[in-house]
2 protein chains.
Amino acid sequence: MSVTTQLQPRTPLSRERVLRAAVEIADAEGAEALTMRRLAKALGAEAMSLYHYVANKEDLLDGVVELIASEINDAVDQLGVPSAGAAWKQATRLRILTARTIFLRHPWAPHVFETRKTVSLAVVRYHDRLVGLMRDGGFSYDLAHHALHALGSRALGFSQELFDPGDGAAAGSVPAELAEQVPHLVGMLTEVAHDDPDSTLGWCDDQFEFEFGLDLILDGLDRLRTAAR
Amino acid sequence: MSVTTQLQPRTPLSRERVLRAAVEIADAEGAEALTMRRLAKALGAEAMSLYHYVANKEDLLDGVVELIASEINDAVDQLGVPSAGAAWKQATRLRILTARTIFLRHPWAPHVFETRKTVSLAVVRYHDRLVGLMRDGGFSYDLAHHALHALGSRALGFSQELFDPGDGAAAGSVPAELAEQVPHLVGMLTEVAHDDPDSTLGWCDDQFEFEFGLDLILDGLDRLRTAAR
DNA sequence: ACCTGAACACCGTTCAAGT
DNA sequence: ACCTGAACACCGTTCAAGT
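These figures come from a predicted structure and were not determined experimentally.

Student: Requested: an account of the packing of aromatic side chains, with residues and values cited.
Tutor: All names here are of chain A. This structure, assessed with the given rule, holds 8 aromatic pairs over all chains. Judged by centre distance (5.1 Å) and plane angle (75°), the ring pair of phenylalanine 103 and phenylalanine 113 falls under edge-to-face. Of this pair, phenylalanine 103 sits in helix H4 (residues 88-105) while phenylalanine 113 sits in helix H5 (residues 109-114), and the two are 10 residues apart along the sequence. Each of the two residues, phenylalanine 103 as well as phenylalanine 113, counts as buried. Measuring from centroid to centroid gives 4.8 Å for phenylalanine 103 and phenylalanine 158, while their planes differ by 65°, and the two rings are edge-to-face. Pair noted here: phenylalanine 103 is in helix H4 and phenylalanine 158 is in the loop between helix H7 (141-151) and helix H8 (176-181), with a separation of 55 residues, a long-range link. You can call phenylalanine 103 buried: its relative accessible area is 4%.

In structure tokens form, the structure reads like this:
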């Protein structure tokens, strides 16, 4: 028995390694593949070993959120665009769209963010800087506060859609019975699908719609900002 | 053994009964209490019996969404307020705030709505009528389409918040270390909490913030509507 | 036809034990 | 100290069998 097994994890486990492995699994196979047993196997350990680094699965997911929020903070901290006065809007817009690029790499992450019960310090820090930009634009704390609520998850760069209003847009594929029940949607569907015949499936451009909604809110806030002067 | 057992369910099971019982359990104990075994027990049956009325748990939740969306449609269908021209905005606002009252009765429902993979006909129908109101206001199908995306879940009357920017607002309860890391939020917190000293905990008024965000979007859309004339 | 008991393949997690 | 095997208390679900 003097043959030392070489297949064991060379680097010891750590909370950092556990969290990074969790993100990798979710990236590769989706959030539902992220089980304690599966995660342990990826680390060359047993499920129970993980409990030395995370209190339980909720704590694991809290840590994953903290990791991704830190990734976002790292990206937006080095933007360094002017934000004084009217420039607040472009600065905020760029910051949010930059944060969004991280979620495009982790499409499972929004759902995990939304199911957290505790607040992540990195998420709070992100919002703090956002309020900073608004203050540069002359926002009162009161208006900045309402702004955070109005933006909601859009502040971090994502918006969960209940359904895609363009589903089944393969014009004419809508059953006649359904067409009678939802005439406006069918009309909308055929017209918009007609305007953009390139897109065969899922003709809603997520990025365009995100920016449309974001600009609608930012423009509205900017109007309130100048009105309050 | 001629004694017939009187404790069995008198009324036979049905999909309708199963779905209604599911809503009752979630209302009373939260969505996590809604398991197949628990649901069966509430109906005086065994878990396996439920599979004659729902294909699986996802189908059960799909049915629950359909049930609640129908409840919403029933409520908003009888509003009957004018919606022609500029009145579209008030009509839409009232409709959305009315839909919201149903979610206030089922606080677990937003999460279930957001995790659906298939679209509910009742949800589609709700949005169809919303597009109808916008058409009354002179919206192009294109603008109405962007409007649905911009509203997102707000169209149905709820907005999931990542965190409450007013948590720990018991002014002064913020550790000095945290105060240094997020100065703007702490400043915002103390000022807004000061303005409204009544609220001891959770000083963010959900209803007010929902209406603020909703009006910001509706006002923006109304501006685009008139600009497009 | 409608319903069910036992069993299966998973979960997260506890506990007592290994090195 | 760090890690683990076996076991527990749950899940959703399959299957073959009851009436």
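Student: Break down the protein's contact with DNA strand D for me, with residues and values.
Tutor: In the vicinity of DNA strand D there are 15 residues, among which Ser49(A), His52(A), Tyr53(A), Arg37(B) and Met48(B) approach most closely. Near the protein, within 4 Å, the atoms of DNA strand D are sugar or phosphate in 53% of cases. Separating a phosphate oxygen of DNA strand D from a backbone N or O atom of Met36(B) is a distance of 3.1 Å. Tallied by class, residues from the surface near DNA strand D come to 7 nonpolar, 4 polar and 4 charged.

Student: Talk me through the confidence of the model for chain A; I want residue IDs and the actual numbers.
Tutor: For chain A, the mean per-residue pLDDT works out to 90, and 88% of the residues sit at or above 70. In this model residues 1-8 of chain A is a low-confidence stretch, pLDDT under 50, and it forms 1 contact with partners more than four residues away in sequence or in other chains.

Student: Before we move on, can you summarise the relation of the copies chain A and chain B with the specific residues and values?
Tutor: Superposing the two chain copies requires a rotation about an axis and a translation along that axis. For the pair chain A and chain B, the best superposition has an RMSD of 0.0 Å and corresponds to a rotation of 180° with a translation of 0.0 Å parallel to the axis. Both chain copies can therefore be described as sitting about a two-fold axis.

Student: Before we move on, can you summarise the interface of chain A and chain B with the specific residues and values?
Tutor: Put simply, an interface is often sized by how much accessible area is lost when its parts join up. With 57 residues of chain A in contact, the opposing surface of chain B contributes 57 residues. Area buried by chain A at its contact with chain B is led by Tyr141(A), His149(A) and Leu162(A), which between them contribute 15% of it. For the pair chain A and chain B, the number of links is 0 salt bridges. Between chain A and chain B we count 14 residue pairs in polar contact (both at pLDDT 80 or more) in total. Only H5, helix H6 (121-136), H7, H8, helix H9 (183-195) and helix H10 (206-227) of chain A provide two or more residues apiece to the side of chain A that touches chain B. Split into classes, the residues belonging to the side of chain A that touches chain B amount to 31 nonpolar, 14 polar and 12 charged.

Conventions and cut-offs
- Residues numbered from 1 in each chain as written.
- Chains lettered and ligands numbered in written order.
- Predicted model: local features only at pLDDT ≥ 70, side-chain atom pairs only at ≥ 80, totals over all residues.
- Heavy atoms only, no water.
- Phe/Tyr/Trp six-rings, centres within 6.5 Å; stacked < 30°, edge-to-face > 60°.
- Helix = DSSP H or I, 4+ residues; strand = E, 2+ residues; numbered from the N terminus.
- Buried < 20%, exposed > 50% of the residue type's maximum accessible area, 1.4 Å probe, protein only.
- Near = heavy atom within 4 Å.
- Polar contact = N/O pair within 3.5 Å; in protein donor to acceptor, adjacent residues only side chain to side chain.
- Nonpolar A, V, L, I, M, F, W, Y, C, P; charged D, E, K, R; others polar.
- pLDDT = per-residue confidence, 0-100.
- Contact = heavy atoms within 4.5 Å.
- Least-squares fit on C-alpha atoms with pLDDT ≥ 70 in both.
- Buried area = accessible area lost by both parts, 1.4 Å probe.
- Salt bridge = Lys/Arg side-chain N within 4 Å of Asp/Glu carboxyl O.

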